[in-house]
Number of protein chains: 2
Amino acid sequence: MPKHIVIIGAHAAGVDAASAARKTDRTAQITMLTEEKHPGYSRCGLPFVIGGHIPNFSDLIVFPPTYFQMMKISLKTETKAKAIDTTKKTVETQDKTGKSETISYDTLIIATGASSFMPPIKGKEKQGICSLRTLEDGYTIDQAVKNGARTAVVMGAGLIGLETAIGLREKGLNVTVVEMLPQILPQMLDADMAKPVQEMLEQKGINIQTGKCCDEILGTEKATGVSAGGEQFNADLLISAFGVRANTQLATNAGVVLGDTKAIKTNARMETNIKDVYAIGDCAESTHIVTQKPALMQFGTVAVRHGKVAGINAAGGYALFTGVLGSSISRLYNADVGSTGLTESAANRARIETITGTISSKTKAEYYPGALPIKVKLVVEKESQKIMGAQIIGGEEVTQRINAISFAIQKQMTARELAKADTAYAPPVCETWEPLVLAAEMVLMKLR
Amino acid sequence: MPKHIVIIGAHAAGVDAASAARKTDRTAQITMLTEEKHPGYSRCGLPFVIGGHIPNFSDLIVFPPTYFQMMKISLKTETKAKAIDTTKKTVETQDKTGKSETISYDTLIIATGASSFMPPIKGKEKQGICSLRTLEDGYTIDQAVKNGARTAVVMGAGLIGLETAIGLREKGLNVTVVEMLPQILPQMLDADMAKPVQEMLEQKGINIQTGKCCDEILGTEKATGVSAGGEQFNADLLISAFGVRANTQLATNAGVVLGDTKAIKTNARMETNIKDVYAIGDCAESTHIVTQKPALMQFGTVAVRHGKVAGINAAGGYALFTGVLGSSISRLYNADVGSTGLTESAANRARIETITGTISSKTKAEYYPGALPIKVKLVVEKESQKIMGAQIIGGEEVTQRINAISFAIQKQMTARELAKADTAYAPPVCETWEPLVLAAEMVLMKLR
């Protein structure tokens, strides 16, 4: 009898797990469950539909029904996994008509994702507070804009918050971003690197209010704004972008153990504490490559990498997940903002003594028309001189610089090695001295 | 008495050597000699002035006279170094008025560069054959275009040849490129990767004739075309782009020894066989990081890295040059073409058994408007699975992918490690699965 692999969740992690499982075992029966109507769409694309860069929300559906047919994956949409029995190895499900079913599994992959998080703010139950996590969220925001919303307040200045703020600003709304911490993008950037990004956003007309904690949602039944740090911010459209929390209830009810990050604890094979049960994606913890401590990185890239490893293992193969660095990137207007490894402040919190090197340069030869500014901050461990992280803001080729530093961190490159690295050069695409190399040189100067 | 550092040559290598020497020893006397009228200009920018991307040739002068004044460097332009006496530690010079001078040095840096090479073709002495190495060459070609040249033939399909061909095509000329080898860009690309680049250039209207050896320059006194592979190619403008040869005569006359590549042999401190005499830039040999064999990489990036090391050492400091990988890049119309490490054919010539992985992908999420094609070929040593090289053709962010692989090679990353690497993702700037990672995965599939 063929092995039965059941996957709960059908986005980045789940779909990549199913694909990897199928490639590993051609005969396995693979069942995927999702509560949503649409499986396999790109959440990361949502803010760019709001802003009009991508024409339709439906464009984000990366895996159409034909994909699942082709891969011989039995997909059950609008079907909720109600409970897992890890002794009987079954999942109890309920479809939208209320019909229940008990599905047996040989191996189970939990990819329940994460949900938008709303902190316990007074009035948080008021109607009309939007988040931007699902296609439906996207439609709701888009409809509000089409219905004439003129002002928006985004609560939270993380990547999704800022991307959404930009999308709304591009649609002509007056947008305010309210952030509790004293800087934007606190996960990605140190304060010194966040500052120029904030200034750029402000120049584009986005009102950014840092250091202001949201303490009350205004309005009677319907939310009409927020009170934060003693000020009132009225909004036709109120967006909650406080971040997401791993969906772990189903798993913990079944005895699956969580880790330090409150996401599901996994080993390098993406196995949970329970035999034949895997966890992947936004609900699953990883190990940080630099600190070797548990880390929760809720990114699409991590999800697909998790998925691939779990899919291979669940289908009887053998694959290891090698950890996360938190490499992340976004395009905020014309600036690409990226980060990998530890920020200086994260390193300090981890009690790693660091030296940093920051430089400003250009993306093309100085004399080449259209050269754009780029700023690099490199974080290096003082004792070993090993690279711990980098933050980059620039007009071009930031993503692959982040990847280059990610590779460097993974291979324990030192600042000295980076300062001597062989790099490519041509006037239309870079400077003779690569900014990454110059940042490493700055570190060495401080170490002398 | 302050140390006297004499540098022969005043382009990328020489100027960076002078700067590094000055930073190392604030009191040293530094003298730079150059035969040219203009020091410190960017040769790499010349083709882009021809094409009109950079307004003026004078824009390429990166280091104006004020720079040398600021750095307290005594610069002698239009001054030829006639002979070096390594026993007396002197350089005999002659300026444009014919006046001779004997300059004593404590340390000497030879940065005599390279010159355009013309193979022994019948009729090669005919007038009007242009190369594109100096500002004067640039003016000459530009003047020919302004004087109404309608057809151009470029002999040689290396990077400079192709960049020049594009520049002339952009000015509206009918351009033919004649290449002896069966493919374009033989130093950078394998034949399978060169093919799509050639097709793209042909679509842009450049006539490319590979596998045709130039055997006679046509014309009576003035060159009017070339006969190659039995065909005649007439040209108002005939460009020699056969590559360059290291200028070593001055050095060898003084007893400086050449290496296997016929460039000046150097050690890791950029010292020649003679005490206190250094050689850098296009006239100096390096060690290849992968093969650990002598290699001659005549790139601006190598020149500045050489220069920095020699400048520090010549001024009494200590610095090591860590070798070359041949990382190179150019923008050919809208395609960035880059390479690092060994091509498959270069690896085979070095008797390294390889596995390659080639994939085609996009530069943005599939659904994001404006996603451009990208093609990656990864060359991996079969036994160790270590990455040996990469070739990339794509619409965006090729340069930094080349640098990322360069770092990977320098840190001996394996294909397996690359296939598991943590990378950044956002829809406007890349795909969820980074093409470099997918290419590594292709290699692993072949290794299974």
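Residues numbered from 1 in each chain as written. Chains lettered and ligands numbered in written order. Predicted model: local features only at pLDDT ≥ 70, side-chain atom pairs only at ≥ 80, totals over all residues. Heavy atoms only, no water.

**A word on the overall build of chain A**
Here is step 1 of the chain: Secondary structure summary: chain A contains 12 helices and 25 strands in total.
Here is step 2 of the chain: Against the 2.2 N^0.38 benchmark of 22 Å for 448 residues, chain A shows a C-alpha radius of gyration of 23 Å, consistent with a compact globule.
Here is step 3 of the chain: Along the three orthogonal principal directions, the C-alpha set of chain A runs to about 65 × 55 × 40 Å.
Here is step 4 of the chain: Buried positions account for 60% of the 448 residues belonging to chain A.
Here is step 5 of the chain: Carbon and sulfur atoms make up 49% of the accessible area of chain A, which totals about 17,700 Å². (Helix = DSSP H or I, 4+ residues; strand = E, 2+ residues; numbered from the N terminus. Rg over C-alpha atoms; globule rule 2.2 N^0.38 Å. Buried < 20%, exposed > 50% of the residue type's maximum accessible area, 1.4 Å probe, protein only. Areas by Shrake-Rupley, 256 points an atom, 1.4 Å probe, with all protein chains shown as cover.)

**Comments concerning the nonpolar core**
Grouped burial of nonpolar side chains is what soluble globular proteins tend to show.
Here is step 1 of the chain: L201 and L237 of chain A are the most contacted members of the largest nonpolar core, which has 170 residues in total.
Here is step 2 of the chain: In this view, L201 of chain A contacts L162, I166, I184, I206, I208, L332 and Y333 of chain A; residues no more than four positions away in its chain are not counted. (Core = buried A, V, L, I, M, F, W, Y, C linked by side-chain atoms within 4.5 Å. Contact = heavy atoms within 4.5 Å.)

**Considerations on the sheet that holds strand β5 (residues 90-95) of chain A**
All names here are of chain A.
Here is step 1 of the chain: Spatially, 3 strands are ordered β4-β5-β6 in an open sheet, and the strand pairing comes out antiparallel. Edge positions in the open sheet fall to β4 (79-85) and β6 (100-104), since each of these has one partner strand only. Ignoring which end each strand starts from, the neighbouring axes of this sheet average 25° apart.
Here is step 2 of the chain: Both β5 and β6 contribute to a ladder of 5 bridges, which runs antiparallel. Following the sheet pairing, Q94 is matched in β6 by S100. (Pairing = 2+ DSSP bridges. Axes fitted to C-alpha atoms, helices over the stretch in contact; angles between N-to-C directions.)

**Things to note about the pattern of salt bridges**
Opposite charge on two side chains allows them to pair when their charged atoms are near.
Here is step 1 of the chain: Applying the stated criterion across every chain, the model contains 46 salt bridges over all chains.
Here is step 2 of the chain: R43 of chain A is the salt-bridge partner of E36 of chain A, the closest N and O atoms lying 3.5 Å from each other.
Here is step 3 of the chain: On the basis of relative accessibility, which here comes to 16%, the residue E36 of chain A falls in the buried class.
Here is step 4 of the chain: A salt bridge links E441 of chain B to R448 of chain B, with the nearest nitrogen and oxygen atoms 3.4 Å apart. (Salt bridge = Lys/Arg side-chain N within 4 Å of Asp/Glu carboxyl O.)

**Re the domain arrangement of chain A**
Residue and element names in this part refer to chain A.
Here is step 1 of the chain: Domain boundaries in chain A define domain 1 (4-40 + 54-115 + 245-314), domain 2 (129-242) and domain 3 (336-447).
Here is step 2 of the chain: Computed from C-alpha coordinates alone, the two centres of domain 2 and domain 3 are separated by 30 Å.
Here is step 3 of the chain: Domain 2 puts 9 residues into the contact, and the matching count from domain 3 is 13 residues.
Here is step 4 of the chain: With both chains or domains summed, domain 2 and domain 3 bury close to 890 Å², and 61% of this area falls on carbon and sulfur atoms.
Here is step 5 of the chain: Area buried by domain 2 at its contact with domain 3 is led by M188, D190 and M193, which between them contribute 63% of it.
Here is step 6 of the chain: Connecting domain 2 to domain 3 are 2 salt bridges.
Here is step 7 of the chain: For the pair domain 2 and domain 3, the number of links is 6 residue pairs in polar contact (both at pLDDT 80 or more).
Here is step 8 of the chain: Along the lines of polarity and charge, the residues of the side of domain 2 that touches domain 3 split into 6 nonpolar, 1 polar and 2 charged. (Domains from an automatic or database assignment. Buried area = accessible area lost by both parts, 1.4 Å probe. Polar contact = N/O pair within 3.5 Å; in protein donor to acceptor, adjacent residues only side chain to side chain. Nonpolar A, V, L, I, M, F, W, Y, C, P; charged D, E, K, R; others polar.)

**Observations concerning the state of the cysteines**
In protein chemistry, a disulfide is the covalent bond that joins the sulfur atoms of two cysteines.
Residue and element names in this part refer to chain B.
Here is step 1 of the chain: Evaluation of the coordinates by the stated rule reveals 0 disulfides over all chains.
Here is step 2 of the chain: In this structure C213 is a free cysteine whose sulfur lies 6.5 Å from that of C214, the closest cysteine sulfur available.
Here is step 3 of the chain: Of all cysteine sulfurs, the one in C44 lies closest to C283, which takes part in no disulfide; the gap is 16 Å.
Here is step 4 of the chain: Judged by its relative accessible area of 0%, C283 is buried. (Disulfide = S-S within 2.5 Å.)

**What to know about the pairing of β5 of chain A**
Residues and elements named next belong to chain A.
Here is step 1 of the chain: The pairing of β4 with β5 spans 6 bridges and is classified as antiparallel. Looking at β5, one finds that T79 is bridged to D95.
Here is step 2 of the chain: Between β4 and β5, which pair antiparallel one after the other, the connecting turn spans 4 residues, and K89 there sits at a positive phi close to 55°.
Here is step 3 of the chain: The loop that links β5 with its antiparallel partner β6 comprises 4 residues; one of these, G98, has a positive phi angle of about 95°.

**Observations regarding the packing of helix α1 (residues 12-24) of chain B against helix α8 (residues 300-314) of chain B**
Two quantities define a packed helix pair, namely the angle between the axes and the distance from one axis to the other.
Residue and element names in this part refer to chain B.
Here is step 1 of the chain: In contact at an axis separation of 7 Å, α1 and α8 are set at 30° when each is read in the N-to-C sense. In terms of orientation, α1 and α8 fall into the roughly parallel class. Crossing handedness for the pair α1 and α8: right-handed. Touching A12, A13, D16, A17, A20, A21 and T24 of α1 are G300, A303, V304, G307, K308, G311 and I312, all from α8.
Here is step 2 of the chain: Here the residues of the contact of α1 with α8 are counted per class, giving 8 nonpolar, 4 polar and 2 charged. (Parallel < 35°, antiparallel > 145°, perpendicular 65-115°, else oblique. Left-handed = near helix turned anticlockwise from the far one by under 90°.)

**Topic: helix α1 (residues 12-24) of chain A**
Residue and element names in this part refer to chain A.
Here is step 1 of the chain: End to end, α1 covers 18 Å across 13 residues, agreeing with the expected 18 Å (1.5 Å per residue, within 8%).
Here is step 2 of the chain: Along α1, 10 of the 13 residues are buried, which leaves the element largely enclosed by surrounding structure.
Here is step 3 of the chain: Buried residues in α1 make contact with β1 (4-8), β2 (29-33), α3 (65-70), β3 (73-76), β7 (107-110) and α8 (300-314). (Expected span 1.5 Å × (residues − 1).)

**Section: the interface of chain B and chain A**
Here is step 1 of the chain: At the junction of the two partners, chain B supplies 68 residues and chain A supplies 68 residues.
Here is step 2 of the chain: Summing the contributions of chain B and of chain A, the shared interface buries around 5,600 Å²; its carbon and sulfur component is 61%.
Here is step 3 of the chain: By the criterion of area lost to chain A, the three top residues of chain B are F407, K411 and D422 of chain B, representing 15% of everything that side buries.
Here is step 4 of the chain: Across the contact surface, chain B and chain A share 6 salt bridges.
Here is step 5 of the chain: For E441 of chain B, the salt bridge is made with K308 of chain A, and the minimal N-O distance between the two is 2.9 Å.
Here is step 6 of the chain: Counting every contact that joins chain B to chain A gives 32 residue pairs in polar contact (both at pLDDT 80 or more).
Here is step 7 of the chain: Elements with a minimum of two residues in the side of chain B that touches chain A: α8, β21 (328-332), α10 (398-410), α11 (415-419) and α12 (435-447) of chain B.
Here is step 8 of the chain: When residues in the side of chain B that touches chain A are grouped by element, the largest group, 11 residues, is from α10 of chain B.

**Digging into the sheet that holds strand β23 (residues 354-362) of chain B**
Residue and element names in this part refer to chain B.
Here is step 1 of the chain: Taken in spatial order, the 5 strands of this open sheet run β21-β22-β25-β24-β23, and their pairing is antiparallel. Where the open sheet ends on each side, the last strands, each with one partner, are β21 and β23. Neighbouring strand axes in the sheet, compared pairwise and without regard to direction, differ in orientation by 10° on average.
Here is step 2 of the chain: Relative to strand β25 (residues 387-394), strand β22 (residues 335-341) runs antiparallel, the two sharing 6 bridges. When the bridges of β25 are listed, G341 appears paired with G389.

**Topic: the packing of aromatic side chains**
Here is step 1 of the chain: Per the stated rule, a full pass over the model turns up 8 aromatic pairs over all chains.
Here is step 2 of the chain: Each residue in the set F63, Y67 and F68 of chain A is aromatic and connected to the rest through ring pairs, giving one cluster.
Here is step 3 of the chain: Here K204 of chain A stacks its cationic end above the ring of Y333 of chain A, 5.0 Å away from the centre of that ring.
Here is step 4 of the chain: The cationic tip of K308 of chain A hangs over the ring face of W433 of chain B; the distance from NZ or CZ to the ring centre is 5.0 Å. (Phe/Tyr/Trp six-rings, centres within 6.5 Å; stacked < 30°, edge-to-face > 60°. Lys NZ or Arg CZ within 6 Å of the ring centre and 35° of its normal.)

**A look at the side chain of S330 of chain B**
Here is step 1 of the chain: Within the secondary structure layout, S330 of chain B lies in strand β21.
Here is step 2 of the chain: Taking the relative accessible area as the measure of exposure, S330 of chain B reaches 0% and is therefore buried.
Here is step 3 of the chain: Looking at S330 of chain B, its side chain comes within polar contact range of the side chain of E163 of chain B, at 2.4 Å.
Here is step 4 of the chain: Not counting chain neighbours up to four residues away, the residues in contact with S330 of chain B comprise A426 of chain A together with F48, L159, E163, A335, D336 and V337 of chain B.

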